[in-house]
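Each chain, letter by letter, is given below.
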Amino acid sequence: MFGFAFFVLMAHTTNGDVSYSIPEEMKRGSVIGNVAKDLGLDVNRLSFRKPRIDTEGNRKRFCEIKLNSGELTVAERIDREALCGKKASCLLNQELVLENPLELHRLILSIDDINDNSPQFKQSIIKFEISESADKGSRYLLDEAQDPDIGVNSVQSYMLQNNDHFLLSVITGENRGKYGELVLNKELDREQQKEVTLILTAVDGGTPPRSGTVAIHVTVLDANDNAPVFSQAVYKVSLPENSPVDTVVVTVSATDADEGQNGEVTYEFGHVSESLLEIFFLDAITGEIRQTGPIDYEEESSFELSIQAKDGQGLAGRSILLIDVVDVNDNNPIIIIKSLNSPVPENASPGTEVGIINVQDRDSENNGQVRCSIQQNVRFKLVPSIKNYYSLVTTGELDRELVSDYNITITATDEGSPPLSSTKNVYFTVADVNDNPPVFEEQNYRAHVQENNKPGSSICSVSAADLDWRQNGTVVYSLLPPDVNSAPVSSFLSINADTGVIHAMRSFDYEQLKSFKVLVLARDNGSPPLSSNVTVSVFITDENDNTPQILYPSPDGNSFMTEMVPKSAQTGSLVSKVIAVDADSGQNAWLTYHIIKASDPGLFSIGVHSGEIRTQRDLSESDSMKQNLIVSVRDNGQPSLSATCALYLLISDNLAEVPELKDMSHDESSSKLTFYLIIALVSVSTFFLTFIIIILAVRFCRRKKPRLYFDGAVAIPSAYLPPNYAEVDGAGTLRSAYNYDAYLTTGSRTSDFKFVRSYNEGTMTADMTLRKTQSSVDDLEGLDADINDSLQVRSIMPFCAMFG
Ligand SMILES: *[C@@H]1O[C@H](CO)[C@@H](O)[C@H](O)[C@H]1NC(C)=O
Ligand SMILES: *[C@@H]1O[C@H](CO)[C@@H](O)[C@H](O)[C@H]1NC(C)=O
Ligand SMILES: *[C@@H]1O[C@H](CO)[C@@H](O)[C@H](O)[C@H]1NC(C)=O
């Protein structure tokens, strides 16, 4: 195509030749020049001259002449490239033939190039295959672009599309045109870019320039330049411990950017210890890592495995597998007794440390957090000490006598879910401390002993229990002073230290000693020992061992002891009285009187109990003046004892009437004996009186001294009652230990006590009978209190066994 109608007309006229220079590709009809003018022809005559354009060698007429103006115009398309190719100048020779006259003019048309062709490449695509391993600077020749135009209108330069890898180097050949080379400026990476497509543009120098493009298609060829690459540089997985065998831990994967064999990946472990190889298996093809052995968090809480992936050529990529083992609560807490102070003394104060417990749980975190507890209702508690240590301490007093050993169950529970727990028994004993004194079974003991017992016979036994252990609980008995009636207690009683059996050391005489008390001490063998004591009241019971003692009439049958009976005595008159006493008491002293022989049996009778002899009928003259009675006094004991006496009664109003009184009272043979007896009696009496006076003197100094012995014959009471009876306060003649109960219950203990005291103090008399009574009361005073006490507190009081 024509860019624009532009030409330079140049006409040279030499020897009838005319030259014109015109651009190619002018439109048909375009005026090249005025030939007529240039040749100096007359335009008006031109038609007459019949001008025509002939071609020489050329068959085509490219121009024609206009007859009316003589102008030369383009008749045919003039393509320089077609006519002249690459020739630098392109001349078209045309001949102008004129007739009338015949003339021949040469018309030379010089055809100028115009840029009407674009550069053009041979192919539409230039293909290269370049290995990615090609070095930088490698050159790849590019086809030259063709432009039919010449000169500046031909290819002047090349341009390459901007890209990362290639530069264009343009070379101007010696006898060729310009051509380009691709220069590798940056290595190719097939894995990044498999192919590169570039546009190469060739530009000519025309105005305006024209260009032509070609695509350069670079295929990047693979080289094994890529190692396999794992999808993660580090694989982190969590794996619960105790997972079953064949659990898939993780599947690793590596990719190799290379192709074919170069990109075939196999997996294997890197440098890994033998033991780990037993636990983990890596599938070479799939990259699956499975667990093949047991995993115990407590052994190993994490694993680090090096893994690698290799391609066919042996290039390897590495990664690390970090396996975090997750703890599972699979360990029971363990309770360890670190120390145990067994036995624990029972007097250990509350808070005493008995033992140290340690708990362990191999699990971690909450699974290893252990709480320790103790079964309730035990006198111990756990005090947390330093981490995971507990002190087992007492919370209260211990008492071996109540609980002698403890079997404490300690439970430890962790905080896992589900929690695991375990228990442990802590067994220890409580050591004895001598903290219990012996305790007597009774608050006091009473022993009843029949008088005249055999010395050495056992009378009673006491028993005390001590709850303590072994020697701390072994009881030893002994008797305690004070002395009994100023004689050492050992002369009265002895006690078996082991059994507590009390023996009498002597034969007791009720008439001398009716009761006494001793203290029995029970002591244990502890160190220091503990002891307690108990009162043993010994009551001596009466035995009928005293025959009635006849005080009147004198038993020796003294003739002077003759009763006068007035003749006028009437029936029932009291004529005499037999007075007898019995040192025994109670039934044993209950006397009955009987006349066992009488000279006139019907005349006199005797009061069975009073001993009063009365006439049974009126006396008559016929009655014998002398009457003899044999009276027997019998006590009520079993067997009963008796005494007899003779009573001489003289029925007379006047002693003088009785001449044979002497005969009656005495026979000759005994009078002499009587005389001696009287002398003896007088001397004894004198001695006795002296003795009494001495005693009284002594007594005055030691007034409180109790009187022990009862001498029933000392005084004849003003009343007819035997002196003993005063003691029982007229309550009767029964006299035995149980009588006192009745007597003593009449008042309160205190009033009795006071009564006895004031009576004692207020009576300052030398009357021995009375004194004896007082001392008896004194003796019984403590006992009264005891008995009274027992009667009020205890309904039943077991009595000691009585022996002998
Ligand atoms: C403590 O008690 C447990 C069960 O309660 C028992 O198995 C264990 O034998 C006891 N220990 C002792 C020393 O008695
Ligand atoms: C008796 O008690 C004492 C402490 O009072 C103690 O030391 C001793 O071990 C006890 N004896 C026995 C046999 O338990
Ligand atoms: C007997 O026991 C009482 C208390 O029970 C005590 O006061 C007294 O001292 C003891 N007597 C002796 C001699 O140990």
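Thresholds applied
- Residues numbered from 1 in each chain as written.
- Chains lettered and ligands numbered in written order.
- Predicted model: local features only at pLDDT ≥ 70, side-chain atom pairs only at ≥ 80, totals over all residues.
- Heavy atoms only, no water.
- Helix = DSSP H or I, 4+ residues; strand = E, 2+ residues; numbered from the N terminus.
- Contact = heavy atoms within 4.5 Å.
- Polar contact = N/O pair within 3.5 Å; in protein donor to acceptor, adjacent residues only side chain to side chain.
- Buried < 20%, exposed > 50% of the residue type's maximum accessible area, 1.4 Å probe, protein only.
- Lys, Arg positive; Asp, Glu negative; His and termini not counted.
- Salt bridge = Lys/Arg side-chain N within 4 Å of Asp/Glu carboxyl O.
- UniProt positions renumbered as here; feature names shortened; annotations may be inferred.
- Near = heavy atom within 4 Å.
- Areas by Shrake-Rupley, 256 points an atom, 1.4 Å probe, with all protein chains shown as cover.
- Pairing = 2+ DSSP bridges.
- Axes fitted to C-alpha atoms, helices over the stretch in contact; angles between N-to-C directions.

Tracing the sequence through the fold places D149 in the loop between β10 (139-141) and β11 (155-160). Each C-alpha atom of the pair D149 and D116 lies 7.2 Å from the other, and the pair is 33 residues apart in sequence. The contact partners of D149, leaving out residues within four places of it in the chain, are R80, E81, K86, D113, I114, N115, D116, N117, S154 and D204. A polar contact is formed between the side chain of D149 and the backbone nitrogen of D116, at a distance of 3.3 Å.

With respect to the helices and strands, D258 occurs in the loop between β19 (254-255) and β20 (266-269). Buried D258, no salt bridge; nearest opposite-charge side chain is R190, N-O distance 5.1 Å. Within the structure, the side chain of D258 is placed 2.7 Å from the backbone nitrogen of N226, a separation counted as a polar contact. Once residues lying within four places of it in the same chain are set aside, the contact partners of D258 are E132, R190, E191, D222, A223, N224, D225, N226, G263 and D311.

With that settled, consider the UniProt feature "transmembrane region" (unreviewed entry) in the chain. When the UniProt feature table is mapped to this numbering, "transmembrane region" (unreviewed entry) covers residues 673-698. Secondary structure within residues 673-698 divides into 100% helix and 0% strand; the distance between the first and last C-alpha atoms comes to 37 Å.

Turning our eyes to something else, we now look at the site of ligand 1. Around ligand 1 sit N407, N425 and Y427, and those are all the residues in its vicinity. Calculation on ligand 1 without its partners gives an accessible area of 360 Å², and the protein chains cover 35% of this total.

To continue, consider the sheet that holds strand β37 (residues 475-480). Strand order across the open sheet formed by four strands is β34-β41-β40-β37, with mixed pairing between neighbours. One side of each edge strand has no neighbouring strand; the edge strands of this open sheet are β34 (444-450) and β37. Taking each pair of neighbouring strands and ignoring which way they run, the sheet shows an average axis angle of 30 degrees. When β37 meets strand β40 (residues 515-524), the two strands line up antiparallel, connected through six bridges. Counterpart to V475 in the pairing with β40 is D524.

With that settled, consider the environment of D584. For D584, the position within the fold is in the loop between β45 (579-581) and β46 (592-598). For the pair D584 and D542, spaced 42 residues apart in sequence, the C-alpha to C-alpha distance is 6.6 Å. From its side chain, D584 meets the backbone nitrogen of D545 in a polar contact 3.2 Å long.

This part is about the sheet that holds strand β25 (residues 334-340). Taken in spatial order, the four strands line up as β25-β27-β30-β29 in an open sheet, and their pairing is antiparallel. With one partner strand each, in any of the chains shown, β25 and β29 (380-384) form the two edges of the open sheet. The average undirected angle you get between the axes of adjacent strands in this sheet is 30 degrees. Direction of pairing for strand β27 (residues 353-360) relative to strand β30 (residues 389-394): antiparallel, over a ladder of five bridges. Its bridge partner being in β30, G355 is matched across the sheet by L392.

Further remarks concern the pairing of strand β14 (residues 195-204). Residues in a regular strand point their side chains to alternate faces of the sheet. Burial within β14 is extensive, with seven of its ten residues counted as buried. Here β11 pairs with β14 via five bridges, running antiparallel. Each bridged residue has a counterpart across the sheet, and for Y158 the counterpart in β14 is A202. In the sheet, β14 pairs with strand β15 (residues 211-221) via nine bridges, with the strands oriented antiparallel. Looking across to β15, one finds that E195 is bridged to T219. Hairpin remark: β14 followed by β15, antiparallel, with six residues in the connecting loop.

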